[in-house]
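Okay, here's what each chain looks like letter by letter:
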Amino acid sequence: MKRKVYLGIITAAALCISLPGCGKIENDTSSSTPSATPVSESSNSSNTTEPVATDVPEETAPPADTTETPVQEPPQVDESVTPEQTPAAETKTEKLSASQDYSDAYRLVKVLGLKEYKKLDSDKYNDKAKKGKKFLVLFLSIRNDTSEEDYINYNYISAKVDGKKIEHTFLLNEPKGYPTIFSHIPAGKSAGGFIVWEVPEEWKELEFTYNGWKDINNVKMKASFTPDDLSDPVIYNANDFN
């Protein structure tokens, strides 16, 4: 009996020796799970060479000038202050009469005569005043002392008879051979001519103003006549006005 027991023990021991790990199952559980083996960095470097990053300092842009340029505002204008205006030159009124010439640095004006006509006849034309009217003809000579041509413009004539405004008119005939004064006068030359109004037969005073030189040298010419100033002019001669 004891021999069988010994044989059993010996057999069991032999089995334990032939089987690896026998007797460690309960105590060593770590061997049942294979542990992860760390990969050596040197093993990979033997096959592939990776570029090594080199720290290169980045170029740094200079800091922007953050200083703000001051904005210049337009000067404040005090609207309550009115800027000084250059006063316009005062227009001078110069007088002309049957006995007084008018002259300045630019011209010379003379009255050659003042005559009444009820009618004027010629071979070609007939001028006749309306009933209760007559023609009052003013004869003038004007010398142009400037370096430019002057033009006597009828649009700058204004007149009154006995305080009432009156318009100048025209004649088909040329009294005493004179042309109209409304014409061009060359520089350094003279011209003779007439202006005519149709006035009441019993007129007392004629006033007329010429403003054609107001814009040139700030002057206007004003004249006044009465029946006492009537006079017959000489016959027109163009040579007298060269």
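None of the values given here were measured: they were computed from a predicted structure. (Residues numbered from 1 in each chain as written. Predicted model: local features only at pLDDT ≥ 70, side-chain atom pairs only at ≥ 80, totals over all residues. Heavy atoms only, no water.)

**Some details on the confidence of the model for the chain**
So the rule is basically this: Summary of the metric used: pLDDT quantifies the predictor's per-residue confidence within the range 0 to 100. The numbering of helices and of strands both runs from the N terminus, where a helix is a DSSP run of H or I of at least 4 residues and a strand a run of E of at least 2. Should any heavy atoms of two residues lie within 4.5 Å, those residues are counted as being in contact.
Averaged over every residue, the pLDDT of the chain is 79; the share at 70 or more is 64%. Considering each helix and strand of the chain separately, the mean pLDDT is smallest for helix H2 (residues 41–45), with a value of 44, and largest for strand E12 (residues 190–200), with 98. Counting contacts from residues 15–49, a segment whose pLDDT is below 50, to residues more than four positions away or on other chains yields two contacts.

**Focus: the side chain of Ser141**
We apply this condition: Residue burial is assigned from relative accessible area. The probe radius is 1.4 Å, only protein chains are included, and a residue is buried under 20% of its type maximum, exposed over 50%, and partly exposed in between.
Looking at the secondary structure, you find Ser141 in strand E6 (residues 133–144). Here Ser141 falls in the buried class, since its relative accessible area comes to 11%. Dropping the residues within four chain positions of it, Ser141 is found in contact with Leu108, Val109, Lys110, Leu112, Ala191, Gly192 and Phe241.

**Thoughts on empty space enclosed by the protein**
The condition that has to hold: We place a 1 Å grid over just the protein atoms. Points where a 1.4 Å probe fits but has no way out form a cavity, open points with protein on both sides within 12 Å along at least 5 of 7 lines form a pocket, and any residue with an atom within 4 Å of a point lines it. Grid points are joined across faces, edges and corners, and a volume is the space filled by probe spheres set on the points. Classes in brief: Ala, Val, Leu, Ile, Met, Phe, Trp, Tyr, Cys and Pro nonpolar; Asp, Glu, Lys and Arg charged; the others, Gly included, polar.
A complete count under the given rule lists one cavity of 30 Å³ or more for this structure. In this structure, the largest cavity occupies an estimated 50 Å³ of space. In this structure, the largest cavity is lined by Leu140, Ile142, Ile152, Ile157, Ile181, Ile195, Phe208, Tyr210, Trp213 and Met221. Listing elements by their share of the lining of the largest cavity, those giving two or more residues are E6 and strand E13 (206–210). For the lining of the largest cavity, the residue count by class is 10 nonpolar, no polar and no charged.

**Looking at the pairing of E12**
Put simply, the test is: Pairs of strands are assigned from DSSP output, requiring at least two bridges between the strands.
In terms of burial, E12 is largely enclosed, as 10 of its 11 residues are buried. By the bridge criterion, 11 bridges tie E6 to E12 in an arrangement that is antiparallel. Residue pairing in the sheet places Leu136 in a bridge with Trp197 of E12. Where strand E10 (residues 168–169) and E12 come together, two bridges link them in antiparallel fashion. Residue pairing in the sheet places Thr169 in a bridge with Val196 of E12.

**Concerning the nonpolar core**
Applied cut-off: For this analysis, a nonpolar core means a set of buried residues of the types Ala, Val, Leu, Ile, Met, Phe, Trp, Tyr and Cys, connected via side-chain atoms within 4.5 Å.
Formed by 30 residues in total, the largest nonpolar core has its most connected members in Trp197 and Phe208. Of all the secondary structure elements, the ones that give two or more residues to this core are strand E3 (107–117), E6, strand E8 (157–161), E12, E13 and strand E14 (219–225). Discounting residues that sit within four places of it in the chain, Trp197 has contacts with Lys134, Phe135, Leu136, Leu138, Ala159, Ile166, Glu167, His168, Thr169, Leu206 and Phe208. Membership of the second largest hydrophobic core comes to 11 residues, among which are Phe135, Phe139, Leu171 and Val196.

**Describing the pattern of salt bridges**
Note the threshold: By definition, a salt bridge exists where a carboxyl oxygen of Asp or Glu is found within 4 Å of a side-chain nitrogen of Lys or Arg.
Evaluated as defined, the whole model comprises six salt bridges. Among the ionic pairs, Lys119 bridges to Asp121, the shortest N-O distance being 4.0 Å. Taking the relative accessible area as the measure of exposure, Asp121 reaches 47% and is therefore partly exposed.

**Some words on the environment of Thr146**
Convention followed: N or O atoms closer than or at 3.5 Å make up a polar contact, with two conditions inside protein: a donor-capable atom paired with an acceptor-capable one, and, for residues adjacent in sequence, both atoms drawn from side chains.
Looking at the element boundaries, Thr146 is found in the loop between E6 and strand E7 (150–151). Apart from the residues lying within four places of it in its own chain, the contact partners of Thr146 are Tyr106, Ala187 and Gly188. Separated by 2.7 Å, the side chains of Thr146 and Asn144 make a polar contact. Within the structure, Thr146 has its side chain in polar contact with the backbone oxygen of Glu148 (distance 2.8 Å).

**Brief notes about the packing of aromatic side chains**
In plain terms, the rule: In summary, the pairing rule links any two rings of Phe, Tyr or Trp, Trp by its six-membered ring, whose centres are within 6.5 Å, and it sorts them by plane angle into stacked for under 30 degrees, edge-to-face for over 60 and tilted for everything else. Sitting over a ring, as applied to charges here, requires NZ of Lys or CZ of Arg to be within 6 Å of the ring centre and within 35 degrees of the ring normal.
All chains considered together, the criterion is met by seven aromatic pairs. Pairing Tyr154 with Phe182 gives two aromatic rings, centres 5.9 Å apart and planes at 75 degrees, and the pair type is edge-to-face. Here Tyr154, found in the loop between E7 and E8, pairs with Phe182, found in the loop between E10 and strand E11 (184–185); they are 28 residues apart in sequence, far enough to count as distant. We classify Tyr154 as partly exposed; its relative accessible area is 43%. Overall, the relative accessible area of 16% leaves Phe182 in the buried class. Ring centres 5.5 Å apart and planes at 15 degrees place the aromatic pair Tyr236 and Phe241 in the stacked group. Cluster of aromatic residues (ring-pair linked, three or more members): Phe139, Tyr178, Tyr236 and Phe241. Above the ring of Tyr117, the side-chain terminus of Lys115 is found at 5.5 Å from the ring centroid.

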